[in-house]
Amino acid sequence: MSQIQTPSASSPSQWCADLQVKLMAALDAAWAMAEKSDDPAVIARARDKARLCGQMAAEARKVVALRPPPKPDKPLNRPAAATAPLIAAAEREVEADKPPAAQAVAMRAALRKLKRR
């Protein structure tokens, strides 16, 4: 059974770069094989290998792009008192953007019928 190598946690971009180098070497070998031969089967096989190398390279880039960015080592040095007003203001904005609850709408309609609001 073959061993599967997974990208290391510390450098996924290095893993991708290493894979890209291997794929470029395979691509160069495929094109060299196609240039040396006039046989259509050999040229078709080289084109298939080149297409496969391109697809694998694209997939490797997608895998690296899916990884979340690394978290900062140090927490932000902001005192809680300085961020509390910002958090409260953001929560008020979120609450203002929300539509009223269904019960609140029904209650307001009932109060309007009674001419209290």
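Being a predicted model, the structure only gives us computed values, none of them experimental.

Caption draft 1: Examining the side chain of S37 more closely. Within the secondary structure layout, S37 lies in the loop between α1 (12-36) and α2 (40-66). Within the local environment of S37, its side chain forms a polar contact with the backbone nitrogen of D39, the two atoms lying 3.0 Å apart.

Caption draft 2: The pattern of salt bridges, seen in detail. Following the criterion strictly, the structure yields two salt bridges and no others. Here R51 makes a salt bridge to D48, at a shortest N to O gap of 3.1 Å. Of this pair, R51 and D48 both sit in helix α2, three residues apart, which is roughly one turn of that helix. Since its relative accessible area comes to 46%, D48 is described here as partly exposed. Across the salt bridge formed by E59 and K62, the nearest N and O atoms sit 3.5 Å from each other. Residue E59 and its partner K62 are located together in helix α2, separated by three residues, close to a single helical turn. Judged by relative accessible area, which is 44%, E59 ranks as partly exposed.

Caption draft 3: Expanded view of helix α4 (residues 102-113). The end-to-end C-alpha separation of α4 is 17 Å, in line with the 16 Å expected for twelve residues at 1.5 Å each. Of the residues one or two after α4, K115 is the one with positive phi, at around 60°.

The rules behind the values
- Residues numbered from 1 in each chain as written.
- Predicted model: local features only at pLDDT ≥ 70, side-chain atom pairs only at ≥ 80, totals over all residues.
- Heavy atoms only, no water.
- Helix = DSSP H or I, 4+ residues; strand = E, 2+ residues; numbered from the N terminus.
- Polar contact = N/O pair within 3.5 Å; in protein donor to acceptor, adjacent residues only side chain to side chain.
- Salt bridge = Lys/Arg side-chain N within 4 Å of Asp/Glu carboxyl O.
- Buried < 20%, exposed > 50% of the residue type's maximum accessible area, 1.4 Å probe, protein only.
- Expected span 1.5 Å × (residues − 1).

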